[in-house]
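Report on the structure
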Amino acid sequence: MTNVIYYIVFAFWYVLSLLPLRVLYVISDILYIPLYYLVRYRRRIVRKNLTASFPEKDEHEISRIEKGFYHFFCDYVVETLKLFSMSEKQIKRRMTFSGSEDMIAQMEQKQKNFCFIYLGHYCNWEWIASLPYWMPSSVHCAQIYHPLYNKAFDNLFLRLRNQFGGECIPMKETLRRIIELKREKQKTLIGFISDQAPKWNSIHHWADFLHQDTPVFTGTEKIGKQVDALIYYADVKRVRRGYYHCRFVPLTHDIKSIPDYGVTDMYVRHLEQMIKDAPSYWLWSHNRWKRTREEWIRRQKTEKEETK
């Protein structure tokens, strides 16, 4: 049954992807109206997140950002569909990178086999997976991903992300796969999208992020210290509709010299500033602040009492 769903959806999405982007953007503009006004897709969560993140903004400004997000989200959907038939030439014209030469040079100069790149769900993160097109063949590119519960859709998105030549590493297999690459002495760039909410048992650090006490993923930093990785941040801008630029910013070339959680906090600050500069392009529909410190402390106490 999974294969049947996969081929039906793939065929439908592929046919749609053959339309020129200018036509797909017309579809996006039309899709915005029912999504925002009728379906009201996650409107309550989006408004709650925006209001808490920008307490200094009035309702009119919050509404403007909110509508901008839904317009962009519809663009993200059709741009992702377009990947099913987009050529290497097309994606390299629309998704550009800078700073990649510095990453490679630093790996050679400092004799490092790993470079970890922090990303957020900002602009079109699916297009950033085209980075292997800009890398020398000697450098392996990979990204950590969370498998979708629906196997058919998981396979579809893996097909999209793998087509550029990179490797998708399931989150639960991250450490094992990185150790394998270390043993092979393979120079590797790995992207970590680290701006979602960790599960309760994975919370080890809290940060002040967009005026809110926020649990954050620390796995990138922890594994980075184990393999002595270079750490970079992907600063992404939407140049104009259908065009993006990603600039790789060095966070540290000596991760072992940074106190625990220091690199994670650097990432949070960079992500926060990027969002403040153009807030409509972040994934506000994600229930990012559903876990509170108070509830986390309560769970920690209960767990300790149960183990006594």
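Residues numbered from 1 in each chain as written. Predicted model: local features only at pLDDT ≥ 70, side-chain atom pairs only at ≥ 80, totals over all residues. Heavy atoms only, no water.

A closer look at the environment of S100
Rules: Under the DSSP-based scheme used, a helix requires at least four consecutive residues in state H or I and a strand at least two consecutive residues in state E, with every element numbered from the N terminus.
Tracing the sequence through the fold places S100 in helix α6 (residues 100-109). For the pair formed by S100 and Y7, sequence separation is 93 residues and the distance between their alpha carbons is 36 Å.

Side note on the packing of helix α2 (residues 21-38) against helix α4 (residues 59-82)
The following threshold applies: All axes are obtained by fitting lines to C-alpha atoms, using only the stretch in contact for helices, and the reported angles, taken between N-to-C directions, cover 0 to 180 degrees. Note on terminology: angles under 35 degrees are roughly parallel, angles over 145 are roughly antiparallel, angles of 65 to 115 are roughly perpendicular, and the others are oblique. Crossing handedness: left-handed means the near helix sits turned counterclockwise from the far one by under a right angle, and right-handed means the same turn made clockwise. Whether two residues are in contact is decided by their heavy atoms, any of which lying within 4.5 Å being enough. Any residue outside Ala, Val, Leu, Ile, Met, Phe, Trp, Tyr, Cys, Pro, Asp, Glu, Lys and Arg is labelled polar, Gly included; the first ten of those are nonpolar and the last four are charged.
At a closest axis distance of 8 Å, the pairing of α2 and α4 adopts a crossing angle of 135°. Viewed along their axes, α2 and α4 adopt a mutual orientation that is oblique. Handedness of the α2/α4 crossing: right-handed. Contact residues: L21, L24, Y25, S28, L31, Y32, L35, Y36 and Y37 in α2; S63, E66, K67, Y70, H71, F73, C74, D75, V78, E79 and K82 in α4. In terms of residue class, the contact of α2 with α4 is built from 12 nonpolar, three polar and five charged.

A word on helix α7 (residues 151-162)
Note the cut-off: To estimate the expected span of a helix, subtract one from its residue number and multiply by 1.5 Å. Accessible area is worked out with a 1.4 Å probe on protein chains only. A residue is then buried under 20% of its type maximum, exposed over 50%, and partly exposed in between.
When the terminal C-alpha atoms of α7 are compared, their 16 Å separation across 12 residues agrees well with the 16 Å that a helix rising 1.5 Å per residue should span. Among all positions in α7, only A152, D154, L156, F157, L158, L160 and R161 are buried.

Considerations on the environment of E59
Inspection of the secondary structure puts E59 in helix α4. The class for E59 is exposed, based on a relative accessible area of 62%. With 188 residues separating them along the chain, E59 and R247 place their C-alpha atoms 33 Å apart.

Details of the nonpolar core
Defined as follows: To form a nonpolar core, buried Ala, Val, Leu, Ile, Met, Phe, Trp, Tyr and Cys residues must be joined to one another through side-chain atoms within 4.5 Å.
Counting 91 residues, the largest nonpolar core has F116, I117, L189, F248, I275, W282 and W284 as the members making the most contacts within it. With sequence-adjacent residues up to four places away left out, W282 is seen in contact with F69, H121, Y122, D195, F209, L210, L271, I275, R288 and W289.

A closer look at the packing of aromatic side chains
What counts, and what does not: Pairing of aromatic side chains requires ring centres within 6.5 Å, counting the rings of Phe and Tyr and the six-membered ring of Trp. Pairs whose planes differ by under 30 degrees are stacked, by over 60 edge-to-face, and all others tilted. Ring-over charges, as used throughout, are those where CZ of Arg or NZ of Lys falls within 6 Å of the ring centre and within 35 degrees of the ring normal.
Applying the stated criterion across every chain, the model contains 27 aromatic pairs. Note on W13 and F157: the rings are 6.3 Å apart at their centroids and 80° apart in plane angle, and the pair reads as edge-to-face. Here F157 lies in helix α7 and W13 lies in helix α1 (residues 2-17), a separation of 144 residues in the sequence. The same class applies to W13 and to F157, which are both buried. Taking the centre distance of 5.8 Å and the plane angle of 5° together, the rings of F97 and F248 count as stacked. Placement of F97 in strand β1 (residues 95-98) and of F248 in strand β9 (residues 243-252) is noted, with a sequence separation of 151 residues between them. Residue placement shows R240 over the ring face of Y243; its charged tip is 3.9 Å from the ring centre.

Focus on the sheet that holds strand β4 (residues 167-170)
Basically, it comes down to this: At least two DSSP bridges between two strands are required for those strands to pair.
As summarised here, the arrangement of the seven strands in space is β1-β9-β8-β2-β5-β3-β4, forming an open sheet in which the pairing is mixed. The open sheet terminates on both sides in strands that have one partner only, identified here as β1 and β4. This sheet shows a mean twist of 30° between the axes of neighbouring strands, independent of strand direction. Relative to strand β5 (residues 188-193), strand β3 (residues 140-145) runs parallel, the two being bridged by four bridges. Residue pairing for β5: C141 is matched across the bridge by L189. Across the sheet, helix α9 (residues 219-227) touches β2 (114-119) and β5, and the angle it forms with β2 is around 170°.

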